Amino acid sequence: NAGVTQTPKFRILKIGQSMTLQCTQDMNHNYMYWYRQDPGMGLKLIYYSVGAGITDKGEVPNGYNVSRSTTEDFPLRLELAAPSQTSVYFCATTKGRGSGNTIYFGEGSWLTVV
Amino acid sequence: QQQVKQSPQSLIVQKGGISIINCAYENTAFDYFPWYQQFPGKGPALLIAIRPDVSEKKEGRFTISFNKSAKQFSLHIMDSQPGDSATYFCAASTSFNKFYFGSGTKLNVKP
């Protein structure tokens, strides 16, 4: 039972490059999220999805794009990477709408932009 | 504007002591308040959670105290152990499952 799987674990990117962070879940959850975690800043929501084909912006969406073609996968695309995107990225899922759902996190992807 | 404010940023407690972390919120639409524990190199994991219709919830050494009128809630860790050393996040969510997290508290329990 893998839960939420993120790849890659670590990546160094040059300014202006693009890349995709992969996230897949085997929990059959409807809701998926991408958060970034910066030191002393907690977790900020980048994008989220309530189901296949539906995505919406979170608190800090600029510089990112997402897609949700299947229930299982929710990739995060970084276009034209900037040093400000150096962060730890977490993919997460919850079962669905309704209060009290636990949010389950992946183990994180460490991204450095140089 | 930060939806959930957390303090302190870091906390050092002696083994056997009580660790207390505080959070405050403004949005009265929040109806679920979980606490997450994160160890280095790992994702956050649910520790304990409370709904606003109760003032306290206890699970083992971990207790959430909730003050609805003050819009504050706190995590108490009794008999703190070195294994409790981690970063703790409070959070709040609505029925639409949008979660807002506090800035985190790094707890260090000294042996």
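Residues numbered from 1 in each chain as written. Chains lettered and ligands numbered in written order. Predicted model: local features only at pLDDT ≥ 70, side-chain atom pairs only at ≥ 80, totals over all residues. Heavy atoms only, no water.

Moving on, we come to the sheet that holds strand 8 (residues 72–77) of chain B. The strands that make up a sheet are held in pairs by hydrogen bonds between backbone atoms, and each pair lies either parallel or antiparallel. All names here are of chain B. One open sheet holds the 5 strands; their spatial order is 1-3-8-7-6, and the pairing between them is antiparallel. Looking at the sheet topology across the chains shown, the edges are occupied by strand 1 (4–7) and strand 6 (56–59). For this sheet, the mean angle separating the axes of adjacent strands, direction not counted, is 15°. (Pairing = 2+ DSSP bridges. Helix = DSSP H or I, 4+ residues; strand = E, 2+ residues; numbered from the N terminus. Axes fitted to C-alpha atoms, helices over the stretch in contact; angles between N-to-C directions.)

This part takes up the state of the cysteines. Residues and elements named next belong to chain B. Taken as a whole, this structure holds 2 disulfides over all chains when the rule is applied. Shown here is the disulfide that connects cysteine 23 with cysteine 90, its sulfur atoms set 1.9 Å apart. Classification of the bridge connecting cysteine 23 and cysteine 90 rests on its S-S torsion, roughly -95°, and on that basis the disulfide is left-handed. Here cysteine 23, found in strand 3 (residues 19–25), pairs with cysteine 90, found in strand 9 (residues 86–93); they are 67 residues apart in sequence, far enough to count as distant. Note on cysteine 23: relative accessible area 3%, which makes it buried. (Disulfide = S-S within 2.5 Å. Buried < 20%, exposed > 50% of the residue type's maximum accessible area, 1.4 Å probe, protein only.)

Glancing now at the interface of chain A and chain B. Interfaces are often described in size by the accessible area the parts lose on coming together. Every contact between the two is made by 28 residues of chain A and, on the other side, 22 residues of chain B. Summed over both partners, the interface of chain A with chain B buries about 2,000 Å², with 52% contributed by carbon and sulfur atoms. On the surface where chain A and chain B come into contact, there are 1 salt bridge. Among the ionic pairs, Glu107(A) bridges to Lys42(B), the shortest N-O distance being 3.2 Å. If you look at where chain A meets chain B, you find 5 residue pairs in polar contact (both at pLDDT 80 or more). Of all the secondary-structure elements, those providing two or more residues to the side of chain A that touches chain B are strand 4 (31–38), strand 5 (42–51) and strand 9 (87–94) of chain A. (Contact = heavy atoms within 4.5 Å. Buried area = accessible area lost by both parts, 1.4 Å probe. Salt bridge = Lys/Arg side-chain N within 4 Å of Asp/Glu carboxyl O. Polar contact = N/O pair within 3.5 Å; in protein donor to acceptor, adjacent residues only side chain to side chain.)

A word on empty space enclosed by the protein. Summed over all chains, the structure comprises 1 cavity of 30 Å³ or more. Leu43(A), Lys44(A), Glu59(A), Gln2(B), Gln3(B), Val4(B), Tyr100(B) and Phe101(B) together form the lining of the largest cavity. Secondary structure elements with two or more residues in the lining of the largest cavity: strand 5 of chain A together with strand 10 (99–101) of chain B. Taken together, the residues of the lining of the largest cavity break down into 4 nonpolar, 2 polar and 2 charged. (1 Å grid on protein atoms, 1.4 Å probe; cavity = no way out; pocket = protein on both sides within 12 Å on 5 of 7 lines; lining within 4 Å. Points joined across faces, edges and corners; volume = space filled by probe spheres on them. Nonpolar A, V, L, I, M, F, W, Y, C, P; charged D, E, K, R; others polar.)

Bringing the nonpolar core into the picture now. Counting residues in hydrophobic clusters, the biggest one holds 25 residues, and the most contacted among them are Phe33(B), Trp35(B), Phe73(B), Leu75(B) and Tyr88(B). Contributions of two or more residues to this core are made by strand 2 (10–14), strand 3, strand 4 (33–38), strand 5 (45–50), strand 7 (62–67), strand 8, strand 9 and strand 11 (105–110) of chain B. Counting residues per element, this core draws most heavily on strand 9 of chain B, at 4 residues. For Tyr88(B), the residues in contact, after removing those within four places along its chain, are Gln6(B), Ile21(B), Tyr36(B), Gln37(B), Leu47(B), Leu75(B), Ile77(B), Gly104(B), Thr105(B) and Leu107(B). The next biggest cluster of nonpolar side chains, apart from the first, holds 19 residues, and it includes Val4(A), Leu13(A), Trp34(A) and Leu76(A). (Core = buried A, V, L, I, M, F, W, Y, C linked by side-chain atoms within 4.5 Å.)

Moving on, we get to the layout of surface pockets. Here the largest pocket is characterised by a volume of approximately 490 Å³. Around the largest pocket, the lining is made up of 26 residues, and of these Gln37(A), Gln38(B), Thr87(B), Phe89(B) and Lys106(B) lie nearest the centre. Elements supplying a minimum of two residues to the lining of the largest pocket: strand 4 and strand 9 of chain A together with strand 9 and strand 11 of chain B. Grouping the amino acids of the lining of the largest pocket by side-chain chemistry returns 9 nonpolar, 14 polar and 3 charged.

Now for the pattern of salt bridges. Enumeration according to the criterion identifies 7 salt bridges over all chains in this entry. Between Arg36(A) and Asp38(A) there is a salt bridge, and its shortest N-O distance comes to 3.1 Å. Within the structure, one salt-bridge network assembled from shared partners comprises Lys9(A), Glu107(A) and Lys42(B).

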